[in-house]
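Close look at the chain arrangement
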Amino acid sequence: MKLRNTALIAALIVSAPAFADDLTVSAAASLKEAFQEINAAYQKKHPGTNIKLNTAASGVLLQQLAQGAPVDVLATADQTTMDKAQDQQLIDKASRRTFVLNDLVVVQPKDSRLKIKTLNDLKAATVSRIAVGNPDSVPAGRYTKGALEKAGLYGTLQPKIVSTQNVRQALDYVARGETEAGFVYRTDAVLAKEKVKISFAVALETPVSYAIAPTASAKSKEAKSKEAKSYVDFVLSPAGQSILKKYGFSSAKGFKAK
C-alpha cells in the first residue's frame with residue numbers, strides 16, 4: 001500500500017503542469033511551516049517565481065524523485081537520505097549543503113501525569129504505546145532506533161512502538177492522546193506546545209542535521225539550475241536562517257557532516 005501511495009504521489013507531481021518560472025521544492029515534513037514562510041519571503045524577493053512545496057518523510061521524497069517527479073530542490077531531515085540521492089545521481093552534489101540542525105525529543109500529551117525522564121522510563125507498564133516514525137523511511141525514526149539500540153532497549157520496547165508514516169503523524173498521535181509518548185523533533189514539539197510537552201532530549205551519536213541541494217534534473221536546465229541554486233542560497237542566507245531559527249531550528253554553521 002505504501003509503495004502504491006508513493007507512486008501515486010509521484011504521478012500527481014509529474015502530471016502537474018510545470019512552467020518555466022515554477023520551482024518545486026520537496027522538503028521533509030518537519031520543515032513544512034518554516035519553508036512555507038521561506039517560500040513566501042523568496043517569492044516576494046523574486047516576484048516572477050512560483051514555488052510549489054511538497055512535504056513528506058524524507059525517504060518518501062527520495063522515492064518520488066527516483067520515480068521521476070519533477071523536483072527542483074530536495075531538502076531532507078538527515079544526511080543518509082541525501083547520500084542515497086547523491087549515490088543515485090539525483091542531485092547536484094557540488095551544490096549540496098547542510099543548512100540547519102535539530103534535536104530529537106520524547107514528548108507526552110500536555111495533561112499527562114506520567115513521569116518520563118529517561119529512555120528507561122518507557123519500559124514502565126503505564127507506557128503502552130510509543131509513536132515512532134518508520135525507520136525505513138523517516139529519519140526521526142532512524143535516529144530513534146539508533147538511540148534505543150545503543151541503550152539496549154529497542155527489542156524490549158518494540159511491542160509498544162506504533163509506526164508512523166512521518167514525524168508529524170507521530171506528533172499527532174501524542175497530541176491526541178493516542179500514545180503515552182512519542183519521538184519527534186524539538187521543532188515539532190514547539191509547534192504543538194498547547195497539546196504536548198517535552199519530556200527530555202535524546203542523546204544521539206550523530207546530530208540531527210538537514211541537507212539541501214538542487215536536483216540533477218534542475219541542473220540539466222539552465223534557467224531551472226539558476227533558480228534552484230538561488231533558492232538554496234536564500235535558505236542559507238541570514239534571512240532564511242532567521243526564519244528557520246524562529247521555528248526552533250539551530251544553525252549548522254561550523255557543522256561538518258560525516
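In short, a report on the structure. As the structure is a prediction and not an experimental result, all values here were calculated from the model. (Residues numbered from 1 in each chain as written. Predicted model: local features only at pLDDT ≥ 70, side-chain atom pairs only at ≥ 80, totals over all residues. Heavy atoms only, no water.)

**Regarding the environment of Leu74**
Note the threshold: Each helix is a run of DSSP H or I of at least 4 residues and each strand a run of E of at least 2, with the numbering of both proceeding from the N terminus. Note on exposure labels: buried denotes an accessible area under 20% of the residue type's maximum, exposed denotes more than 50%, and partly exposed covers the range between, all computed with a 1.4 Å probe on protein chains only.
When you line up the elements, Leu74 lands in strand β3 (residues 73-76). A relative accessible area of 1% means that Leu74 is categorised as buried. For the pair Leu74 and Arg129, spaced 55 residues apart in the sequence, the C-alpha separation amounts to 33 Å.

**Focus on the nonpolar core**
Where we set the bar: The set of buried Ala, Val, Leu, Ile, Met, Phe, Trp, Tyr and Cys residues whose side-chain atoms join them within 4.5 Å is what this entry labels a nonpolar core. In what follows, residue pairs with any heavy atoms lying within 4.5 Å of each other are defined as contacts.
Core analysis: the biggest nonpolar cluster contains 78 residues, and Leu31, Phe35, Phe99, Phe183, Tyr231 and Leu244 have the highest contact counts within it. Once residues within four sequence positions are removed from consideration, Phe35 is found in contact with Val25, Ala27, Leu53, Ala75, Phe99, Ile212, Tyr231, Val235 and Leu244.

**Things to note about the sheet that holds strand β2 (residues 50-56)**
The line we're drawing: The criterion for strand pairing is that DSSP finds at least two bridges linking the strands in question. Think of each axis as a best-fit line through the C-alpha atoms, taken over the contacting stretch in the case of a helix, with angles from 0 to 180 degrees between the N-to-C directions.
Strand order across the open sheet formed by 5 strands is β2-β1-β3-β10-β4, with mixed pairing between neighbours. Only two strands of the sheet have a single neighbouring strand rather than two, namely β2 and β4 (97-102). When the angles between neighbouring strand axes are averaged without regard to direction, this sheet yields 20°. Note that β4 and strand β10 (residues 208-214) share 5 bridges and pair antiparallel. When the bridges of β10 are listed, Leu101 appears paired with Ser209.

**Remarks on the side chain of Gln241**
What counts is decided by this rule: Polar contacts, as counted here, are pairs of nitrogen or oxygen atoms within 3.5 Å of one another; within protein the pair requires one atom able to donate a hydrogen and one able to accept it, and residues that are adjacent in sequence qualify only if both atoms are side-chain atoms.
Here Gln241 lies in helix α11 (residues 238-246). According to the relative accessible area criterion, Gln241 is buried, its value standing at 19%. A distance of 3.1 Å separates a polar side-chain atom of Gln241 from the backbone oxygen of Phe99. Here the side chain of Gln241 touches Val235 through a polar contact of 3.0 Å, landing on its backbone oxygen. Setting aside anything within four residues of it in sequence, one finds Gln241 in contact with Phe99, Val235, Leu236 and Ser251.

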